[in-house]
Amino acid sequence: MKFKLLLFILACSFLDAYASNEASDNFIKALKAFEKYSDTQWTEYNGIPNTGYWGSGLSGEKKGTGNDAIRSMNGVALAHAVMIMAEPEDKTQNAKRLEKIEKVLRYSSLTHKQAGTDYTCRDGLKWGLGWQTNMWAGSMGLTCALMEDRLPEDLVEQCKKVVAAEADFRSGIVPASEYVFNTAAEENAWNSNIVSLAAAWMSNHANAKKWLKAAKIYLSNTYSVEADKNGDMSEWVTTINLYPSFMLENHGFYHPGYQNVSGASLGDSFLMAYLTNKKVADELTPFAEHNVMNVWNKIYNILKTNSEMIYPCGEDWSLHNYGQVSYYAYIATHFKEPVAVKMQNEVIKRLIERQALFGTGEFIGKSNENTFYVEAVTARRTALAWLHNYVNDFKLVEPAEMKDINSIQDDVKIFTSRSKYGNVTLSYGLRILLAAESAPGNTPQTQYISCTDRYNVIGKTPYGIAKKAKLLNHEMTENGFKATLEVEAQYGKLQYSIYTDNGIVAIIQKPLGGEKKNDETVSFPLGIENYVMNGGKRDFYSQEGHIVINETSGLEKDFSNAVNISDNYGVIYGPDAKCTYKAPKAYNRRGASVDMISANLKNQFTPSYMIILCNRDWKQTQKVAETVMFINDDNTLKLMFNNESGDQIYLSL
């Protein structure tokens, strides 16, 4: 097997020693910058001869330590292996990289529960045979396989021993099934890693057939839907991990992060097999492809032109960590999807831009807790993205732009709309909120403006937090959608009429009655990113003039009812309203600092409105504001205004 892998790598090098593409060059550029940061996280370990680690060196056995442990160090080791493969001529640096790889592999393989040694991690514990440890071992095993011809034979055999132990353990567990609130898709996906690698890398092992069967089972039960039980995969699928529409819920809401990372892990498993045994990879291919494009067609609806995604229900992980880098690479190279090629090209540019802000090689920086773990995950996924291009001989189809789209997924209760002006989404299910984001611009301030807080726009009300929503009616239009909602909040009920068209959002809020708790009231809250990613400041326009609001300024101030952020994002509140701006004094969420604006209404418990103007400047905002009419006539609320082109917009409730 060692000889076959060496021949594969040499053959690829012989075909085109300098083959590459723009995205792949940038993947390596990012990894080399990260390498400087990783050097500061390196420890030579005296507890085991000739070992070391990046990060904490912990076993991950204690609660809360799993991510920044064996997982992190082996993810970084994989990144170093990819740099060696990408730049074979850099012999001096590669020798240093290989030395660290060898020490990490030795540390990891000798401290496993099935290592057959008395060695432990620095916390006195062994690792392995756990909920996620097969993924950690997968990174360790793939790194070893890629460097096999350069490593001592006894170390290779020790790594294989650990991989076999984890594969045996995983093969004896059936895939999980859950699609409401918390999917099991991402678990089944990462569980496919170790059995795919073991079956391919050790195809002559006595348990290889068992591992191969387990790989097929976990792969096919990742993006599983009810209909699969009567489809081509009926022999294999025993679970339901997605809604019928191929939408995914995790952590109690629709979660694009887990929707894409599950597919990324399927791609990881395919890579692990392909790089070690192409025959096994061919056998696993239909399983690794199962429903992947059906899911992509849903993720497509929430893509932004700069490779970001809009989060219809908010995001509980870091903003702008670009973990989707390996997912885009899998879709772009394996499925030859033109928009994914565009997304791959863009996502690595964003990642490099973020790295440059810190100057240390870090991807995310100190805006996120558990810093090294997040950095290591990003490095691993960037390395995997390069490998996807590598096995595809760096050949890509021509990139394509996304099309405008309007859709509703009523099983997870999500509207999505995209136009040249930006993205708008409405969630009326497990989380109740509206997101509206301008199309990304060419300056730091216009790349990111609105941040989708979990209570955005309609999630917090004069009667407290929105708890339940009912869609009374809706209409899909050419450039957006219309919807009427009845919302139950903590202390009362409300109705909303919502209109969207080409990045314009108009909302009427009608309180229906409830308990008035003035300290709980808020109307139309909206998050505004303000930190290093957007230049560390916001240009803010109002009737009072133009000011600059620096990040974490702590500013709390009322402005006129019509305002504009960064001369790109207009907001109008009414009637009898001001715009309240509140900025934190420190970073207040993972990966970002978010200021908040909201409507300061003369009477929070009477009907009101909000207008959002995505990708419109301050002059256009003023022009629209001058035309607004809000009428309460015989219990019918009417909101009328002209857009910047003079066309009238009307909605009622």
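Residues numbered from 1 in each chain as written. Predicted model: local features only at pLDDT ≥ 70, side-chain atom pairs only at ≥ 80, totals over all residues. Heavy atoms only, no water.

A. Focus on the overall build of the chain. Along the chain, the regular secondary structure elements total 16 helices and 26 strands. Projected onto the principal axes, the alpha-carbon positions of the chain cover approximately 85 × 55 × 50 Å. For the chain, restricting intrachain contacts to residue pairs at least 6 apart in sequence, the fraction spanning at least 24 positions comes to 67%. As displayed, the chain has an accessible area near 24,300 Å², and 47% of this comes from carbon and sulfur atoms. Distance between charge centroids for the chain: 2 Å, based on 67 positive and 74 negative side chains. (Helix = DSSP H or I, 4+ residues; strand = E, 2+ residues; numbered from the N terminus. Contact = heavy atoms within 4.5 Å. Areas by Shrake-Rupley, 256 points an atom, 1.4 Å probe, with all protein chains shown as cover. Lys, Arg positive; Asp, Glu negative; His and termini not counted. Charge placed at Lys NZ, Arg CZ, Asp CG, Glu CD.)

B. The arrangement of the sheet that holds strand β11 (residues 464–476) in detail. One open sheet holds the 10 strands; their spatial order is β10-β11-β12-β13-β14-β23-β20-β19-β16-β17, and the pairing between them is antiparallel. On the outer flanks of this sheet lie β10 (460–461) and β17 (545–550), each paired with one strand and no other. By the bridge criterion, 6 bridges tie strand β14 (residues 504–514) to strand β23 (residues 608–614) in an arrangement that is antiparallel. By the bridge assignment, Ala506 is partnered in β23 with Ile611. Sheet strands touched by helix α16 (residues 618–625): β16 (537–542), β19 (562–565), β20 (569–574) and β23. Its angle to β19, the strand with the most contacts, is close to 160°. (Pairing = 2+ DSSP bridges. Axes fitted to C-alpha atoms, helices over the stretch in contact; angles between N-to-C directions.)

C. Quick look at the confidence of the model for the chain. Mean pLDDT over the chain stands at 94; residues scoring 70 or higher make up 96%. Here residues 9–18 is a poorly scored stretch, pLDDT under 50, and it has 3 contacts once near neighbours within four places are set aside; other chains count. (pLDDT = per-residue confidence, 0-100.)

D. Region of interest: helix α13 (residues 338–358). A rise of 1.5 Å per residue sets the reference length of α13, with its 21 residues, at 30 Å; its end C-alpha atoms lie 32 Å apart and thus fit the reference within 8%. Looking at the residues trailing α13, positive phi occurs at Gly359, about 75°. (Expected span 1.5 Å × (residues − 1).)

E. Structural detail: the pairing of strand β2 (residues 51–54). The two faces of β2 match: Thr51 and Tyr53 on one face and Gly52 and Trp54 on the other face are all buried. Between the end of strand β1 (residues 42–45) and the start of β2, which pair antiparallel, lie 5 residues, with Asn50 showing a positive phi angle near 55°. (Buried < 20%, exposed > 50% of the residue type's maximum accessible area, 1.4 Å probe, protein only.)

F. A look at the sheet that holds strand β7 (residues 422–428). Reading across from one edge, β5-β6-β7-β8 is the order of the 4 strands in this open sheet, with antiparallel pairing throughout. Each end of this open sheet is capped by a strand with a single partner; those strands are β5 (405–409) and β8 (432–438). Between one strand and the next, the sheet's axes are offset by a mean angle of 5°, whatever the strand orientation. Sheet topology note: the β5/strand β6 (residues 414–419) ladder contains 5 bridges and is antiparallel.

G. Quick peek at helix α14 (residues 371–391). In this model, α14 (21 residues) spans 31 Å end to end at C-alpha, consistent with the 30 Å of a helix rising 1.5 Å per residue. Counted residue by residue, α14 has 21 buried out of 21 residues, so it is predominantly covered. The positive-phi residue at the C-terminal boundary of α14 is Asp393, with phi of around 55°.

H. Fine view of the pattern of salt bridges. Evaluated as defined, the whole model comprises 21 salt bridges. The shortest N-O distance in the salt bridge between Arg97 and Glu35 comes to 2.9 Å. Placement of Arg97 in helix α4 (residues 91–110) and of Glu35 in helix α2 (residues 22–39) is noted, with a sequence separation of 62 residues between them. When its relative accessible area of 1% is taken as the criterion, Arg97 is described as buried. Overlapping salt bridges, with partners in common, bring together Lys342, Glu346, Lys349, Arg350, Glu353 and Glu401 in one network. (Salt bridge = Lys/Arg side-chain N within 4 Å of Asp/Glu carboxyl O.)

I. Examining the packing of aromatic side chains more closely. Tallied over the full model, the rule gives 27 aromatic pairs. With 5.2 Å between their ring centres and 55° between their planes, Tyr53 and Tyr107 make a pair best called tilted. With a gap of 54 residues between them, Tyr53 in strand β2 and Tyr107 in helix α4 connect regions that are remote in the sequence. Taken together, a centroid distance of 6.2 Å and an interplanar angle of 45° make the contact between Tyr327 and Tyr328 tilted. (Phe/Tyr/Trp six-rings, centres within 6.5 Å; stacked < 30°, edge-to-face > 60°.)

J. Geometry of unusual backbone geometry. Of note, the amide linkage connecting Gly574 to Pro575 takes the cis form, showing an omega dihedral of -10°. Relative to the elements of secondary structure, Pro575 occurs in the loop between β20 and β21 (577–582). Phi at Ser307 takes a positive value of approximately 90°, unusual for a residue other than glycine. Looking at where Ser307 falls in the secondary structure, it is placed in the loop between α11 (292–299) and α12 (325–334). The backbone phi angle of Ser566 is positive, close to 60°, even though this residue is not glycine. When you line up the elements, Ser566 lands in the loop between β19 and β20.

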